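Secondary and tertiary structure notes
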2 protein chains.
Amino acid sequence: MSPLTVAIDAMGGDHAPDVLIGGAAIARERYPQLRFVFFGDAAKVEPLIKAQPLLIDCSELVHTATQISPDEKPSVAMRRGKGTSMWLACEAVRDGKAQAAVSAGNTGALMAVAMLLLRTSPAINRPAIASFLPTVRGESVMLDLGANVGCDERNLVEFAFMGAAFARLSLGLAKPRVALLNIGTEDLKGNEAVRGAAQILRETPDLPFEFTGFVEGNGIAQGEADVIVSDGFAGNIALKTQEGTARLVSAYLAATFRRSIWSRLAYLLARPALQALRERLDPNRYNGGALLGLNGLVVKSHGGTNAVGFAAAIAIAADLALGNFTTKILDDLKRIAPATAPEAVVPAEVTVQS
Amino acid sequence: MSPLTVAIDAMGGDHAPDVLIGGAAIARERYPQLRFVFFGDAAKVEPLIKAQPLLIDCSELVHTATQISPDEKPSVAMRRGKGTSMWLACEAVRDGKAQAAVSAGNTGALMAVAMLLLRTSPAINRPAIASFLPTVRGESVMLDLGANVGCDERNLVEFAFMGAAFARLSLGLAKPRVALLNIGTEDLKGNEAVRGAAQILRETPDLPFEFTGFVEGNGIAQGEADVIVSDGFAGNIALKTQEGTARLVSAYLAATFRRSIWSRLAYLLARPALQALRERLDPNRYNGGALLGLNGLVVKSHGGTNAVGFAAAIAIAADLALGNFTTKILDDLKRIAPATAPEAVVPAEVTVQS
């Protein structure tokens, strides 16, 4: 069993540190080789760890009394974040003390601190945020979800490779179907970046995934692709529109069951099934945005997550670390025409802890 | 009662001409002042009109045997579309024989032909496609839905004005709440175009709407704004993601009711209520994309619409024509700083038929 240490920002998020420690215990059940380094206020965190039998023997606690506040600006976090729980978690990855960091704190601050400490991977021009979303077939991976507002064709191609590696490691797909998010499926549709990326992907031999062309917004939830590649503006909007629409339909549904005495009775009968539906649509199931393209792994959890959701974010970190995502992606990207791909020179030790 | 003539491309769409004539009859019931000019194959269209008592006295039929095929390229439609049913319908608007045209034909061809024949309004730099979408509060207007892949700040400001006028006339809102679609609600979020448009709108006095700032993807379905303004790439993706997600949740729901004998029984009891839910989410209810910003009104219906959906598209055309949208928007846009707004010189006769 490979060693696997995950650094946890134990102070980030709305319900820290309780649900974070609870989530770590749930994740440990699924990954028995998992070890943790928690960064946070020892007075609060230590009793929680001691209360979890699964965590006692595999956890280290590093005390820090400071944390980055939920509304801190990224620039301020970069200047003054040193020594905070989030900063120390990312630093542990940089220094090889952990293979991945997980935080439920402020997204902008986490991205800024992670980029500052870990730096962009030499084969990648722009990092991206990737996450899961529900489809009729199960789940798909989408990226970028907001790290970059504008992207060129090369950025999108890199996202395609990173998304495919993510889907291989976390969804266990041998050859994921990868598509570019666009406003039509014909070759001429969309902006230059999307059309240019499609051309590069079509011309690259031996892709480690199946490039299926374009996918439209209505194809996302139909599971038309396992990996949906987009710039961070459209990707963020698609993801959040999906969340909002699922909530809209749930609201309509609740109103539907209040319509008549028969529908109220129906609700009582269908309650267990409807509870299962609610769980299927529960955003905590899809919690965890991986920040891909750095010299090390960082996963962002929703700030309002519960313990099960935080465990899902840790699972993403574990799957990517166990599959050596950071070094694997450097190999994968060598397939792109060398004219545009910088030589990969990062040593393997950056992510594989000795 | 103002005179109101709508030109109908009677040959466009999957179920032409049957559902189109049926839709016209439904629309006539709601707008007794409505008159129609149908363009299409007389052998097919004439018997259908004669079968509708509501249409006999208010319809003119102009025969044409040619039509633009569903997969014709826009460039080809512009070169060879002359004399087709779609072309003639747009020409009727240009020549003042109708105040608006409605077509369920090929979207790209319709946009190309409409822009060629009607030209962009002198106060507008780029036309946009606007449509309704369902929210927890009722419905909102969103634009652009795909006419423009990239937009600058001035384009977005014009879309805000056009969307607000659309919402006033078609939803009857005195002062619609208008927001820019973005990936965050803070001032610094998003791309230059979105931030620049927000600044112009904040600085423009006496807006004929309430500018509420930014809305994220998850705010669309929550009805956070009556008008959602976006470039055509993100707007198209948001709209189609919403459609796809509604279908996903419906599929989940159907599976939920098949889970057990109790949930099957529940389905039987709740069937009338669930039927109402299905109707509420029926895309035909929100059918009709208005092509705004030309010297005349053109409305695009979904190709696969039913008669009720086609009537909804005609209703949009009727509401905008009755409210003199095309001339009204020229007045509205005079409020933007004159440095960027070209002088409006289009004569009122372009849209108000004598």
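Residues numbered from 1 in each chain as written. Chains lettered and ligands numbered in written order. Predicted model: local features only at pLDDT ≥ 70, side-chain atom pairs only at ≥ 80, totals over all residues. Heavy atoms only, no water.

**As for the overall build of chain A**
Selection criterion: Think of it this way: any DSSP run of H or I at least four residues long counts as a helix, any run of E at least two long counts as a strand, and we number them from the N terminus. Every radius of gyration here is taken over C-alpha atoms, with the globule rule written as 2.2 Å times N^0.38, N being the number of residues. In what follows, a contact means two residues having at least one pair of non-hydrogen atoms within 4.5 Å. The charged-residue count follows a simple rule in which Lys and Arg add positive charge and Asp and Glu add negative charge, with His and chain termini not counted at all. Where a charge lies is defined by one atom per residue type, namely NZ (Lys), CZ (Arg), CG (Asp) and CD (Glu).
A count of helical and extended segments in chain A gives 13 helices and 11 strands. Relative to the compact-globule value of 20 Å for 354 residues, chain A shows a C-alpha radius of gyration of 21 Å, a close match. By principal-axis analysis of the C-alpha atoms, chain A measures approximately 70 × 60 × 40 Å. Look at the contacts in chain A between residues 6 or more apart in sequence, and 72% of them connect residues 24 or more apart. Looking at charge distribution, chain A has the averaged site of its 34 positive side-chain charges lying 5 Å from that of its 35 negative ones.

**Quick word on the domain arrangement of chain A**
Basically, it comes down to this: Segmentation of the chain into domains, including their bounds, is taken from an automatic or database domain assignment.
Domain boundaries in chain A define domain 1 (1-124 + 293-354) and domain 2 (244-277). For domain 1 of chain A versus domain 2 of chain A, the distance between C-alpha centres works out to 39 Å.

**Some details on the packing of helix α5 (residues 85-94) of chain A against helix α6 (residues 107-118) of chain A**
All names here are of chain A. Condition: Angles here are taken between N-to-C directions and fall from 0 to 180 degrees, while the axes themselves are lines fitted to C-alpha atoms, restricted in helices to the stretch in contact. Note: crossing handedness is left-handed where the near helix turns anticlockwise from the far helix by less than a right angle, and right-handed where it turns clockwise.
Remark: α5 packs on α6, axes separated minimally by 9 Å, with the N-to-C direction vectors making an angle of 35 degrees. The handedness of the crossing between α5 and α6 is right-handed. Of α6, the residues touching α5 (which contributes M86, W87, C90, E91, V93 and R94) are A109, L110, V113, A114, L116, L117 and L118.

**With respect to the interface of chain B and chain A**
As a reminder, the rule being used: Accessible area that two parts lose when put together, with a 1.4 Å probe and added across both, is what the buried area reports. The working definition used for a salt bridge is a side-chain nitrogen of Lys or Arg within 4 Å of a carboxyl oxygen of Asp or Glu. We define a polar contact as two N or O atoms separated by no more than 3.5 Å, with the added condition that, inside protein, one atom must be a possible hydrogen donor and the other a possible acceptor, whereas residues neighbouring each other in sequence contribute only through side-chain atom pairs.
The interface of chain B with chain A comprises 55 residues on the first partner and 55 residues on the second. Its largest share of buried area at the contact with chain A, chain B owes to I183(B), F233(B) and Y252(B), together 16% of the area lost on that side. Where chain B touches chain A, the interface holds two salt bridges. Note that E216(B) and K240(A) form a salt bridge whose closest N and O atoms lie 2.2 Å from each other. Summed over the shared surface of chain B and chain A, the result is eight residue pairs in polar contact (both at pLDDT 80 or more). Those elements giving two or more residues to the side of chain B that touches chain A turn out to be β5 (128-135), α9 (217-220), α10 (232-257) and α11 (261-281) of chain B. Tallying contributions element by element places α10(B) first for the side of chain B that touches chain A, with 21 residues.

**Some details on the relation of the copies chain B and chain A**
Selection criterion: We place the copies in one frame by least squares, fitting the C-alpha atoms of every residue whose pLDDT is at least 70 in both.
When chain B is fitted to chain A, the best match, at an RMSD of 0.0 Å, comes from turning it 180 degrees and sliding it 0.0 Å along the axis. Both copies of the chain, as the preceding transformation shows, are related through a two-fold rotation axis. Among all residues of chain B, the one whose C-alpha sits closest to the rotation axis is A266(B), at a distance of 2.0 Å. Most of the interface of chain B is mirrored in chain A, where 98% of its interface residues again form contacts.

**Points about helix α8 (residues 192-203) of chain A**
Stated precisely, the cut-off is as follows: In this scheme, a helix's expected span is set at 1.5 Å multiplied by one less than its residue total. Relative accessible area decides the class of each residue, using a 1.4 Å probe on protein chains only: under 20% of the type maximum gives buried, over 50% gives exposed, and in between gives partly exposed.
Between its terminal C-alpha atoms α8(A) stretches 16 Å, which fits the 16 Å expected from 12 residues at 1.5 Å a residue. Turning to α8(A), its buried residues are A193(A), V194(A), G196(A), A197(A), A198(A) and L201(A). Tucked into the core, α8(A) has its buried residues touching α7 (153-171), β7 (177-181) and β8 (210-215) of chain A together with α10 of chain B.

**Some thoughts on α6(A)**
Residue and element names in this part refer to chain A. In a regular helix each residue adds 1.5 Å, so 12 residues correspond to 16 Å; α6 covers 16 Å between its end C-alpha atoms and thus fits that length. Every buried residue of α6 is accounted for by A109, L110, M111, A112, V113, A114, L117 and L118. Here the buried face of α6 lies against α4 (74-80), α5, β4 (100-103), β5 (128-135), β10 (289-292) and β11 (297-300). Here α6 starts with a cap whose side-chain oxygen sits 3.1 Å from the backbone nitrogen of G108, and that cap is N106. Positioned one or two residues after α6, R119 has a phi angle of 65 degrees, which is positive.

**A few points about the pairing of β7(A)**
Residues and elements named next belong to chain A. Note the cut-off: Strand pairing follows a simple DSSP-based rule, namely that at least 2 bridges must link the two strands. Seen with the strands pointing away from the viewer, any crossover whose path from the first strand over the helix to the second strand runs clockwise is right-handed.
The buried count for β7 comes to five of five residues, which makes it a mostly enclosed element. Strand direction decides the pairing type here: β7 and β8, joined by five bridges, are parallel. Note that in β8 the partner of A179 across the bridge is G213. Handedness of the β7-α8-β8 crossover: right-handed. Pairing geometry for β7 and strand β9 (residues 227-229), over three bridges, is parallel.

**Quick word on the packing of aromatic side chains**
Residue and element names in this part refer to chain B. Note the threshold: Side-chain rings of Phe, Tyr and Trp, where Trp is taken by its six-membered ring, are said to pair if the distance between their centres is within 6.5 Å; with planes under 30 degrees apart they count as stacked, over 60 as edge-to-face, and otherwise as tilted.
For the structure shown, the criterion picks out nine aromatic pairs over all chains. Ring centres 5.2 Å apart and planes at 85 degrees place the aromatic pair F161 and F209 in the edge-to-face group. On the criterion of sequence distance, the pair formed by F161 in helix α7 (residues 153-171) and F209 in the loop between α8 (192-203) and β8 (210-215) is long-range, its members being 48 residues apart. Each member of the pair, F161 as well as F209, is classed as buried.

**Some thoughts on the sheet that holds strand β1 (residues 4-9) of chain A**
Residues and elements named next belong to chain A. In space, the 11 strands of this open sheet follow the order β3-β2-β1-β4-β11-β10-β5-β6-β9-β7-β8, with mixed pairing throughout. Because the sheet does not close on itself, it has two edges, and the strands there are β3 (59-63) and β8. Each adjacent strand pair in this sheet contributes to an overall mean axis angle of 25 degrees, direction not counted. Where β4 meets β11, four bridges bridge the pair, whose relative direction is parallel. Pairing of A101 across the sheet is with V298, part of β11. Here helix α2 (residues 42-50) sits on the sheet in contact with β2 (34-40) and β3, set at roughly 170 degrees to β3. Sheet strands in contact with α7 are β5, β6 (138-143), β7, β9 and β10, and its direction is about 150 degrees off that of β6.

**Some points on the environment of F211(A)**
All names here are of chain A. Along the chain, the position of F211 falls in strand β8. The spacing of F211 and L180 is 31 residues in sequence and 8.7 Å in space, taken between C-alpha atoms. Leaving out residues up to four positions away in the same chain, F211 has contacts with V178, L180, A198, L201 and R202.

**Topic: the pattern of salt bridges**
As a working rule, side chains carrying opposite charge can pair if their charged atoms are close by. On inspection of all chains with the given rule, the structure shows 19 salt bridges over all chains. Here R94(A) and D95(A) are joined by a salt bridge, their closest N and O atoms 2.9 Å apart. Salt-bridge contacts for R154(B) lead to E158(B); the nearest nitrogen and oxygen are separated by 2.7 Å. With R154(B) and E158(B) both in helix α7 and four residues apart, the pair spans about one turn of that helix. In this structure R154(B) comes out as buried when scored by relative accessible area, which is 10%. Looking at E158(B), the relative accessible area reads 0%, which means it is buried. Several salt bridges share partner residues, and in doing so they unite E91(A), R94(A) and D95(A) into one network.

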